[in-house]
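Structural characterization, general
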Amino acid sequence: MSVSENIKKIKTELDTAGVELIAISKTKTPAEIMEAYEAGQRIFGENQVQEMADKYEVLPKDIEWHLVGHLQSNKVKYIAPFVSMIHSVDSLKLLQEINRQALKNNRVIDCLLQVYIADEDTKYGLDHAETIELLRSEEFQELKNVRIAGLMGIATNTDSELIISEEFKDLAVFFAGLKQSFFRKDDGFSELSMGMSSDYRLAIAQGSTMVRIGSTIFGERVIKHWRAN
Ligand SMILES: *Cc1c(COP(=O)(O)O)cnc(C)c1O
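A brief structural summary. In this text, all values refer to a predicted model and were calculated from it rather than measured experimentally.

**Some words on helix H3 (residues 49-58)**
Of the residues making up H3, those classed as buried are Val49, Glu51, Met52, Ala53, Asp54 and Lys55. Considering only its buried residues, H3 is in contact with helix H2 (30-38), strand S2 (43-46), strand S3 (64-67) and helix H4 (76-79).

**Quick notes on the site of the ligand**
Near the ligand you find Ile24, Lys26, Val68, Ile154, Met196, Ser197, Arg212, Ile213, Gly214, Ser215 and Arg221, and these make up its full shell. For the ligand, the protein covers 89% of the area, taking 380 Å² as the surface of the free molecule. Tallied by class, the residues present in the shell around the ligand amount to five nonpolar, three polar and three charged.

**What to know about the pattern of salt bridges**
Note on pairing: side chains with opposite charge can pair once their charged atoms come close. Evaluated as defined, the whole model comprises six salt bridges. Arg42 serves as the salt-bridge partner of Asp62, at 3.3 Å between the closest nitrogen and oxygen. With a gap of 20 residues between them, Asp62 in the loop between H3 and S3 and Arg42 in the loop between H2 and S2 connect regions that are remote in the sequence. A residue is classified by how much of its surface remains accessible, and Asp62, at 42% relative accessible area, is partly exposed.

**Concerning the packing of helix H1 (residues 3-17) against H2**
In the contact formed by H1 and H2, the axes pass within 8 Å of each other and the chain directions differ by 40°. The angle between the axes of H1 and H2 places the two elements in the oblique class. Crossing angle aside, the handedness with which H1 passes H2 is right-handed. In contact with Val3, Ser4 and Ile7 of H1, H2 contributes Glu32, Glu35 and Ala36.

**A short note on the environment of Ala17**
Residue placement: Ala17 occurs in helix H1. In this structure Ala17 comes out as partly exposed when scored by relative accessible area, which is 41%. A sequence separation of 184 residues divides Ala17 from Arg201, and the C-alpha atoms of the two residues are 9.9 Å apart.

**Topic: the nonpolar core**
In terms of nonpolar packing, the biggest core is built from 63 residues, with Leu71, Ile79, Ile86, Leu95, Ile98, Cys111 and Leu151 touching the most fellow members. Considering every element that reaches this core, the biggest residue donor is helix H8 (residues 161-182), with seven residues. In this view, Ile98 contacts Leu71, Val76, Ile86, Val89, Ile109, Cys111 and Val146; residues no more than four positions away in its chain are not counted. Within the second largest apolar cluster, nine residues are counted, among which are Ile22, Ile24, Leu112 and Met210.

What counts as what
Residues numbered from 1 in each chain as written. Predicted model: local features only at pLDDT ≥ 70, side-chain atom pairs only at ≥ 80, totals over all residues. Heavy atoms only, no water. Buried < 20%, exposed > 50% of the residue type's maximum accessible area, 1.4 Å probe, protein only. Helix = DSSP H or I, 4+ residues; strand = E, 2+ residues; numbered from the N terminus. Contact = heavy atoms within 4.5 Å. Near = heavy atom within 4 Å. Areas by Shrake-Rupley, 256 points an atom, 1.4 Å probe, with all protein chains shown as cover. Nonpolar A, V, L, I, M, F, W, Y, C, P; charged D, E, K, R; others polar. Salt bridge = Lys/Arg side-chain N within 4 Å of Asp/Glu carboxyl O. Axes fitted to C-alpha atoms, helices over the stretch in contact; angles between N-to-C directions. Parallel < 35°, antiparallel > 145°, perpendicular 65-115°, else oblique. Left-handed = near helix turned anticlockwise from the far one by under 90°. Core = buried A, V, L, I, M, F, W, Y, C linked by side-chain atoms within 4.5 Å.

Put into structure tokens, the structure is as follows:
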């Protein structure tokens, strides 16, 4: 099927569930992204700062760009003027830098805290204790140009639907607890970004509000990065 057929099909499914589609366009060309855009998609996710900034330059300005990959503090400045949401905040230090760059651009940037849920040796994400420590800290309270809109998690890469569902369920329970403890007066803490091509239906069953889907829309990724020149 074509990109536009894939978008329409998956949109219909997600609209029924009330879940937002983040179309993960990493490695894909602006022409491929335009095919999804013309099918009505406006939210795209990338995992590389340079690639996202290059695509922002050449693509329509009503696209909302979400960063879903690991972000180094020294690169925040390249996306701070336009990024809609950063899904991969995994330290207070990074959040402070996002706040600093958002202030420079006179913006408030929506962020998700990436929580480590997989039974794997991945490098990124906060554990539960670190997440709570961050939200409790005075340093965090002082940040006025970032808004914590929710949590993001990546499940273990396994064939076991049981393991994946348990990990998503744990994240959903943790999310509800944090909302109750830290965000009671503020309904801005409302997004649970979980689910990719292989596991988004399991994620939705556990309460996901945003799914990050790449290969099901655009096909397999065959190159490492798209570059403007
Ligand atoms: C690439 C990526 C996705 C999408 O993966 P697919 O399996 O192609 O749907 C989702 N989330 C993150 C963080 C990614 O890097």
